[in-house]
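# Residue-level structure breakdown
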Amino acid sequence: MVQKNQSSATEFLLLGLSESPEQQPLLFGIFLALYLVTMLGNLLIILAIGSDPHLHTPMYFFLANLSLADASFSSTTVPKMLVNIQTHSQTISYGGCLAQMHLFMTFGALDDFLLGVMAYDRYVAICQPLHYSTLMSPLVCMLLLAACWVLTNLAALLHTLLMARLSFCADNTIHHYFCDMVPLLQLSCSDTSINQVALFAVGSMILTGPLSLIILSYARIISSILRVPSASGRQKAFSTCGSHLTVVFLFYGTAIGVYLCPPSSHSGGEDRLAAVFYTVVTPMLNPFIYSLRNKDMKVALSRLLAIHTLSSQGL
């Protein structure tokens, strides 16, 4: 087979979740509804936190940024899939594919880093409450957020540049509904060993680094809570961590299996199903998890909706 250079790959074909024409209207309706709920839920979280002075704390500052990352994360994949279904087209340009991959990895890793920072915030609040205002000052929070953005963009840029150097031959069909790294590597007729090493090495650091921080933080948190003499005090401390732990389990449960396994072991159907869970379902559920299990968020959302109702009635 004669290799073509990367400039000859002007576009790719995204097969989507199903190749059956009869299933496309159903998929369009389901994913449009999921996407709208995701955007609405995360937007309400951001507005509620921004409008309530009681929620201007480090924990809710990072929660608002997590909601922004979740909304952006879903927006990198779902709208393109909906457009392709609606227009009966499966194409995505070469540049658009690399851009989608870059943004997907950026916001996915940002989710990951923010979950780690939020675990650290809970550790400081519970285990070192007297030093909380110093260790989690506004300046420290901004620096932590900036570090998350810089590290995730650098990691995504590395993978994008390594992908751009590859050649793609005759087959340009991606067995996925977006341009993810693993299916793209499987299409290349170049030597992808450097890409695979980078995928495993950087993926390990991005996933296991924040996960290690989460595990260490909660080990200290649990140890500290168990020393609290009153049952009500222990329950209150645990309740502040429950929502965060639920989101952590949802996110890491699928992401680790996809990105830390060798590309040769991946099944297209399994990967697509796992990807739907952590790119669509988890970002949609996060606002509900945080709002339903958090009394302060319930109050803030109630105030926000009440203000909107009054303004719409002209009062």
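Residues numbered from 1 in each chain as written. Predicted model: local features only at pLDDT ≥ 70, side-chain atom pairs only at ≥ 80, totals over all residues. Heavy atoms only, no water.

The name given to the protein chain in an unreviewed UniProt entry is G-protein coupled receptors family 1 profile domain-containing protein, with the source organism recorded as Rangifer tarandus platyrhynchus. The heading Subcellular location (unreviewed entry) in the UniProt record of the protein chain holds the text "Membrane". Per UniProt, the protein chain carries the Function (unreviewed entry) text "Putative odorant or sperm cell receptor." (UniProt positions renumbered as here; feature names shortened; annotations may be inferred.)

Across the protein chain, the average pLDDT comes to 84, with 85% of residues at or above 70. Note that pLDDT drops below 50 for residues 1-7; the model gives that stretch twelve contacts with residues more than four away or on any other chain. (pLDDT = per-residue confidence, 0-100. Contact = heavy atoms within 4.5 Å.)

In this fold, Val-83 is placed in helix H3 (residues 78-87). Overall, the relative accessible area of 44% leaves Val-83 in the partly exposed class. Here the alpha-carbon distance between Val-83 and Phe-28, two residues 55 residues apart in the chain, equals 9.1 Å. (Helix = DSSP H or I, 4+ residues; strand = E, 2+ residues; numbered from the N terminus. Buried < 20%, exposed > 50% of the residue type's maximum accessible area, 1.4 Å probe, protein only.)

What makes a disulfide is a covalent bond joining the sulfur atoms belonging to two cysteines. Scanning the entire structure with this criterion turns up one disulfide. There is a disulfide in this structure between Cys-97 and Cys-179, and the S-S distance comes to 2.0 Å. Handedness of the Cys-97-Cys-179 disulfide follows from its S-S torsion of about -120°: it is left-handed. Taken together, the positions of Cys-97 in helix H4 (residues 94-127) and Cys-179 in the loop between strand E3 (173-174) and helix H7 (181-187) put the pair 82 residues apart, joining distant regions of the chain. The residues Cys-97 and Cys-179 share a single accessibility class, namely buried. (Disulfide = S-S within 2.5 Å.)

Right, let's talk about the packing of aromatic side chains for a bit. The geometry of an aromatic ring pair comes down to the distance between the two centres and the angle between the two planes. For the coordinates displayed, the defined rule picks out eight aromatic pairs. Aromatic pair Phe-61 and Phe-62: ring centres 5.2 Å apart, planes at 70°, arrangement edge-to-face. According to the relative accessible area criterion, Phe-62 is buried, its value standing at 0%. Both rings, one in Phe-107 and one in Trp-149, keep their centres 6.1 Å apart while their planes meet at 85°; by these two values the pair is edge-to-face. One end of the pair, Phe-107, is in helix H4; the other, Trp-149, is in helix H6 (residues 138-164), and 42 residues separate them in sequence. (Phe/Tyr/Trp six-rings, centres within 6.5 Å; stacked < 30°, edge-to-face > 60°.)

Attention now goes to the layout of surface pockets. Its boundaries defined by the atoms lining it, the second largest pocket holds a volume of some 250 Å³. Together, 17 residues line the second largest pocket, and Leu-15, Gln-24, Asn-84, Ile-85 and Gln-90 are the ones closest to its centre. Only helix H1 (24-51) and H3 provide two or more residues apiece to the lining of the second largest pocket. Examining the composition of the lining of the second largest pocket, we find that three residues originate from one element, H3, more than from any other. Counted by class, the lining of the second largest pocket contains eight nonpolar, eight polar and one charged residues. (1 Å grid on protein atoms, 1.4 Å probe; cavity = no way out; pocket = protein on both sides within 12 Å on 5 of 7 lines; lining within 4 Å. Points joined across faces, edges and corners; volume = space filled by probe spheres on them. Nonpolar A, V, L, I, M, F, W, Y, C, P; charged D, E, K, R; others polar.)

Turning next to the side chain of Asp-112. For Asp-112, the position within the fold is in helix H4. The contacts of Asp-112, once residues within four sequence positions are left out, are Ile-206, Leu-207, Pro-210, Phe-251 and Tyr-252.

The next subject is the sheet that holds strand E1 (residues 11-14). With mixed pairing, three strands are arranged side by side in an open sheet as E2-E1-E3. A strand with exactly one partner marks an edge of an open sheet, and here the two such strands are strand E2 (91-93) and E3. In the sheet, E1 pairs with E3 via two bridges, with the strands oriented parallel. Following the sheet pairing, Leu-13 is matched in E3 by Thr-173. Across the sheet, H4 lies against E1, E2 and E3, angled at about 85° from E2, the strand it touches most. (Pairing = 2+ DSSP bridges. Axes fitted to C-alpha atoms, helices over the stretch in contact; angles between N-to-C directions.)

Before going further, it helps to spend a moment on the pattern of salt bridges. If you walk through the whole model with that rule in mind, you get one salt bridge. Notably, a salt bridge pairs Arg-122 with Asp-121, separated by 2.9 Å at the nearest N-O pair. Residue class for Asp-121 comes out buried when judged on its relative accessible area of 1%. (Salt bridge = Lys/Arg side-chain N within 4 Å of Asp/Glu carboxyl O.)

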